[in-house]
Amino acid sequence: VVEASDELSVTLGWWQSDLAKEAHSSGGFRVPLVRGSPYITAEYSGATPLVQAQHALRVDSGGSSKIVVDGKSHPCDGHHKVRGLILSLDLQHSDTTWLLFSPSTVEWTCRPAPFSITATTPLHGSIRMALANNCTTGAETWQCEGAPQGRDASAYMALLNKHAGSYPTRVV
């Protein structure tokens, strides 16, 4: 449901009931979308976050799918749980790297194919996602000017990390 809009932004909301929407209480979330923002932000009020894609995570040379959490590699197999501030995911077929910014208290379960990551409990807070690189390996030549090499997006990722903690919700 569109909760608010102006020339450069729209706020969408999903709530279990009208009462929950009025009180911004348990059972819903809202997504403020502001033109020009590289992030997708979801503000949760007692709902359980789930992020999913049609693509699988990239498989490493050992045949495993991994997710990087705060700079350390972790298995993504549906069994291991992860917790951290910055989760980095490389999707296989789209050749993209996405960053998920999460409160440190949130524990996630990751499934590699098709990719999904689900919080283990409802959240009262926000998560953010940003496309960090659309040419991670150079495999998709139609979107990579440097193919067959990947693009170094480390400076852009550092910029996303630096500003992930603040976000606009509308234009005044």
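Notes on the structure in this doc start here. Treat the numbers as computed from the prediction; the structure is a model and nothing was measured. All residue numbers refer to positions counted from 1 along the written sequence of the respective chain. Residues qualify for local features only when their pLDDT is at least 70, as the model is predicted, and side-chain atom pairs are given and counted only at 80 or more; totals for whole chains, interfaces and linings, by contrast, use all residues. With hydrogens and water set aside, each side-chain value is computed from the structure's full complement of heavy atoms.

For the rest of this paragraph, the subject is the state of the cysteines. Two cysteine sulfur atoms form a disulfide, by the criterion used here, when they sit within 2.5 Å. Here the structure, examined in full by the defined rule, presents 1 disulfide. Here Cys76 engages in a disulfide with Cys110; their sulfurs sit 1.9 Å apart. Its S-S torsion of about -85° marks the bond between Cys76 and Cys110 as left-handed, since a negative value means left-handed. One end of the pair, Cys76, is in the loop between strand S7 (72-75) and strand S8 (81-83); the other, Cys110, is in strand S11 (residues 107-112), and 34 residues separate them in sequence. Relative accessibility under 20% of the residue-type maximum defines a buried residue, over 50% an exposed one, and the middle range a partly exposed one, all with a 1.4 Å probe and only protein chains included. According to the relative accessible area criterion, Cys110 is buried, its value standing at 1%. Where helices and strands are cited, they refer to DSSP runs of H or I of at least four residues and of E of at least two residues respectively, numbered from the N terminus.

Before going further, it helps to spend a moment on the sheet that holds S11. Read from one edge to the other, the open sheet built from 4 strands follows the order S5-S12-S11-S8, with strand pairing classed as antiparallel. Both edges of this open sheet fall to strand S5 (50-52) and S8, since each of them pairs with a single strand only. When the angles between neighbouring strand axes are averaged without regard to direction, this sheet yields 25°. Strands are labelled as partners when DSSP assigns at least two bridges between them. The sheet contact formed by S11 and strand S12 (residues 115-119) spans 5 bridges and is antiparallel. Axis lines are fitted to C-alpha atoms, over the contacting stretch for helices. Their N-to-C directions set the angle, which ranges from 0 to 180 degrees.

As far as function goes, none of this settles anything; it's purely spatial.
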